[in-house]
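This is what each chain is made of:
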Amino acid sequence: MGDSLDLSTADLAALAFFLVAWLLHTFASDGKLVSRVSLTTAMNAQRQAWMRTMAEREIRIVDTAIMSGLQQGTAFFASSSLIAIGGCFALLGASDRVLEVLSDLPLGGAPSRAAFQIKVFGLVLILAFSFFKFGWAYRLFNYCTILIGAVPIPHGEASRNPVTETAVWRAAQMNMLAGKHFNSGLRGVFFSIGYLGWFVDPMVFVLSTLLLLAVLVRRQFFSAARQAVIGQPPGKG
């Protein structure tokens, strides 16, 4: 099968390792693989707290401003993904020049033209995946804004009645879902950096994937950002 695709067995093994690493990191970040709380899981709890606090405010300018910022950030990454996809097609047009550069590298050797083009199309697929994730996240953040607007204005006990609690739950769930798809798109962008090692050599591909995975695991489970979200002020339990 590898020969029919102009890819060696080492190439296919490195690609399989890359995909497994991506999948395992996704499960771990979503709290489905390890018991340690990830930064993503901790932030989901803060999203829920935000929606509960929002329900107690009569003036929700700050909430709409936050939503606007989330949408703008998502739109930026969606646009960047499209630009990167265009760059990949430009790379296909300069295949000969790129292969010449790769042949001068001390590690491995230049792949065949067909293998190089397969790898570029793989990069296009990763970036396209990220674009669709960002696009859907943008739409979900828009829906979340509407759901925030549907939360009743508090009057006395109104912020704690069943109708308000249901509206808050819906807004929080939509917010977390939008964040999940945004994180998936961002994860795709991150892993596309590790994917670049495949253009040099399968072993470099494995090493770049391991390095990227180590950085992402640290940020999700051992970073100062995670501690800031779940930690307590000095002197408190």
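Everything numeric in this text was worked out from a predicted model, so none of it was measured.

A.B. asks: Please clarify how the overall build of the protein chain should be interpreted in this entry.
C.D. replies: Regarding its fold elements, the protein chain presents eight helices and zero strands. The linear arrangement of helices and strands in the protein chain, starting from the amino end, is α-α-α-α-α-α-α-α. In terms of overall size, the protein chain is more extended than a compact globule, its C-alpha atoms giving a radius of gyration of 22 Å where 237 residues would be expected to give roughly 18 Å. Referenced to the eigenvectors of the C-alpha coordinate spread, the extents of the protein chain come out at roughly 70 × 40 × 30 Å. Of all 237 residues assigned to the protein chain, the portion counted as buried reaches 39%. For the protein chain, the share of sequence-separated contacts (at least 6 apart) that also reach a separation of at least 24 residues comes to 77%.

A.B. asks: Any chance you could explain the environment of alanine 16 here in plain terms?
C.D. replies: Mapped onto the secondary structure, alanine 16 falls in helix H1 (residues 9–29). Alanine 16 sits 27 residues away from methionine 43 along the chain, and the two C-alpha atoms are 30 Å apart.

A.B. asks: Would you explain the layout of surface pockets in this entry?
C.D. replies: Over the atoms, a rolling probe the size of a water molecule traces out where space has been left empty. As a volume, the largest pocket reaches approximately 390 Å³. Every residue lining the largest pocket is counted, 17 residues in all, and those nearest its centre are Leu39, Thr40, Asn183, Leu186 and Gln220. Those elements that provide at least two residues to the lining of the largest pocket are helix H2 (39–55), helix H3 (61–93), helix H6 (162–195) and helix H7 (202–221). No other element matches the six residues that H6 contributes to the lining of the largest pocket. Within the lining of the largest pocket, the residues separate by chemical class into eight nonpolar, six polar and three charged. Here the second largest pocket is characterised by a volume of approximately 220 Å³. In terms of lining residues, the second largest pocket is bounded by 15 residues, among which Trp22, Thr26, Phe129, Ser184 and Arg187 are the most central. Taken together, the elements giving at least two residues each to the lining of the second largest pocket come down to H1, helix H5 (113–149) and H6. Its residues placed into classes, the lining of the second largest pocket shows five nonpolar, five polar and five charged.

A.B. asks: Is there a simple way to explain the UniProt feature "transmembrane region" (unreviewed entry) in the protein chain in this structure?
C.D. replies: Look at the UniProt record and you will see "transmembrane region" (unreviewed entry) annotated at residues 12–28, 75–94, 114–132 and 195–217. Counted over residues 114–132, helix gives 100% and strand 0%. Its end C-alpha atoms are 27 Å apart. Summarising residues 195–217: 74% helix, 0% strand, and an end-to-end C-alpha distance of 17 Å.

A.B. asks: Looking at this structure, I do not really get the nonpolar core. What am I missing?
C.D. replies: It is characteristic of soluble globular proteins that their nonpolar side chains tend to be buried jointly. With 26 residues, the main nonpolar core has Phe18, Phe191 and Tyr195 as its most contacted residues. Listing elements by their share of this core, those giving two or more residues are H1, H3, helix H4 (95–103), H5, H6 and H7. Counting residues per element, this core draws most heavily on H5, at seven residues. Residues in contact with tyrosine 195, not counting those within four places in the same chain, are Phe18, Ile118, Lys119, Gly122, Leu123, Ile126 and Phe205.

What counts, and where the lines are drawn
- Residues numbered from 1 in each chain as written.
- Predicted model: local features only at pLDDT ≥ 70, side-chain atom pairs only at ≥ 80, totals over all residues.
- Heavy atoms only, no water.
- Helix = DSSP H or I, 4+ residues; strand = E, 2+ residues; numbered from the N terminus.
- Rg over C-alpha atoms; globule rule 2.2 N^0.38 Å.
- Buried < 20%, exposed > 50% of the residue type's maximum accessible area, 1.4 Å probe, protein only.
- Contact = heavy atoms within 4.5 Å.
- 1 Å grid on protein atoms, 1.4 Å probe; cavity = no way out; pocket = protein on both sides within 12 Å on 5 of 7 lines; lining within 4 Å.
- Points joined across faces, edges and corners; volume = space filled by probe spheres on them.
- Nonpolar A, V, L, I, M, F, W, Y, C, P; charged D, E, K, R; others polar.
- UniProt positions renumbered as here; feature names shortened; annotations may be inferred.
- Core = buried A, V, L, I, M, F, W, Y, C linked by side-chain atoms within 4.5 Å.

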